[in-house]
Amino acid sequence: MITVSINGKTITVKNKCTILKAAKTAGIFIPTLCDLPGYSPRSVCRLCLIELEGRQNLISACSTLVIDGMKIKTDSEIVTRNRKIIMEFILAEHGECHNKNCSLKKLGQKLGVESTRFSTSPLLEARDLSSEYLKINAHLCIHCDRCIQICHDRKIISRAGKGSFVTMIFDDNCRVDESSCVHCRDCVEVCPTGAISYY
Ligand code: SF4
Ligand code: SF4
Ligand code: FES
């Protein structure tokens, strides 16, 4: 067993436990977007950054294993400030969303972020309504990779492009109705933004 301190609270957890899991065990909230329980961490959203004594940079809680004696802060001023800026960038990626129940916007509000000062280049071809099972609105995508992970066995969804032009594609960038998607809708269930949804 390993003992760590999170926000001054002493916590004992098993070996090979991530900081995120340790915090959850202790009832301490760390926001996440790309983390998908049961899958290897992708660490792409950076929302779970925390402060670790002895380290200059903030580190991601979802991909860092606890080490005995670690002193972790999840609610310090520097963590809160950076988290808010990251959330603003994520909301910028999310684009114009009209969903009043958007879980991403709700998470932003929980973190004290209602809007964003940033903007991203709009994708030219953002919607794919070709399938009668799945609707795609790439404008809303924040590139968290959860859909890629959940569809890992079939490998139907992947990333294409770079920087602000990155987008999720089906097979070799074909329309959804022409892809080998079997309409299990697992990707819809894990998408935090509604970029993939169903009718
Ligand atoms: S609906 Fe199922 S098979 Fe189709 S892309 Fe999503 S996860 Fe993959
Ligand atoms: S479509 Fe949804 S789950 Fe997939 S990367 Fe975009 S936001 Fe994440
Ligand atoms: S949840 Fe850790 S980087 Fe996204």
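The rules behind these values
- Residues numbered from 1 in each chain as written.
- Chains lettered and ligands numbered in written order.
- Predicted model: local features only at pLDDT ≥ 70, side-chain atom pairs only at ≥ 80, totals over all residues.
- Near = placed C-beta within 6 Å.
- Nonpolar A, V, L, I, M, F, W, Y, C, P; charged D, E, K, R; others polar.
- Domains from an automatic or database assignment.
- Helix = DSSP H or I, 4+ residues; strand = E, 2+ residues; numbered from the N terminus.
- Pairing = 2+ DSSP bridges.
- Buried ≥ 20, exposed ≤ 12 C-beta atoms within 10 Å, placed from the backbone.
- Contact = placed C-beta atoms within 7 Å.

Observations concerning the site of ligand 1
Step number 1: In the vicinity of ligand 1 there are 13 residues, among which Cys-151, Cys-181, Cys-184, Asp-186 and Cys-187 approach most closely.
Step number 2: Grouping the constituent residues of the shell around ligand 1 by class yields nine nonpolar, one polar and three charged.

Focus on the site of ligand 2
Step number 1: What surrounds ligand 2 is a group of 14 residues, the closest being Cys-141, Cys-144, Cys-147, Cys-191 and Ala-195.
Step number 2: Split by residue class, the shell around ligand 2 holds 10 nonpolar, two polar and two charged.

Digging into the domain arrangement of the chain
Step number 1: Assigned domains within the chain: domain 1 (1-120) and domain 2 (127-198).
Step number 2: Its C-alpha centre places domain 1 at a distance of 24 Å from the equivalent point of domain 2.
Step number 3: Secondary-structure elements contributing two or more residues to the side of domain 1 that touches domain 2 are α2 (77-94) and α3 (103-110).
Step number 4: If you tally residues by element for the side of domain 1 that touches domain 2, the top one is α2, at three residues.
Step number 5: Grouping the amino acids of the side of domain 1 that touches domain 2 by side-chain chemistry returns 10 nonpolar, five polar and three charged.

Section: the sheet that holds strand β1 (residues 2-6)
Step number 1: Sheet architecture is open: five strands sit in the order β2-β1-β5-β3-β4, paired in mixed fashion. Edge positions in the sheet fall to β2 (9-13) and β4 (59-60), since each of these pairs with one other strand and no more.

Structural notes on the environment of Asn-15
Step number 1: Within the secondary structure, Asn-15 is located in the loop between β2 and α1 (19-25).
Step number 2: Between the C-alpha atom of Asn-15 and that of Leu-65, which follows or precedes it by 50 residues, the distance is 8.3 Å.

Remarks on the environment of Thr-12
Step number 1: Structurally, the position occupied by Thr-12 is in strand β2.
Step number 2: C-beta crowding within 10 Å serves as the criterion here: with 12 such atoms nearby, Thr-12 is assigned to the exposed category.
Step number 3: Not counting residues up to four positions away in its chain, the partners in contact with Thr-12 are Met-1, Ile-2 and Thr-3.

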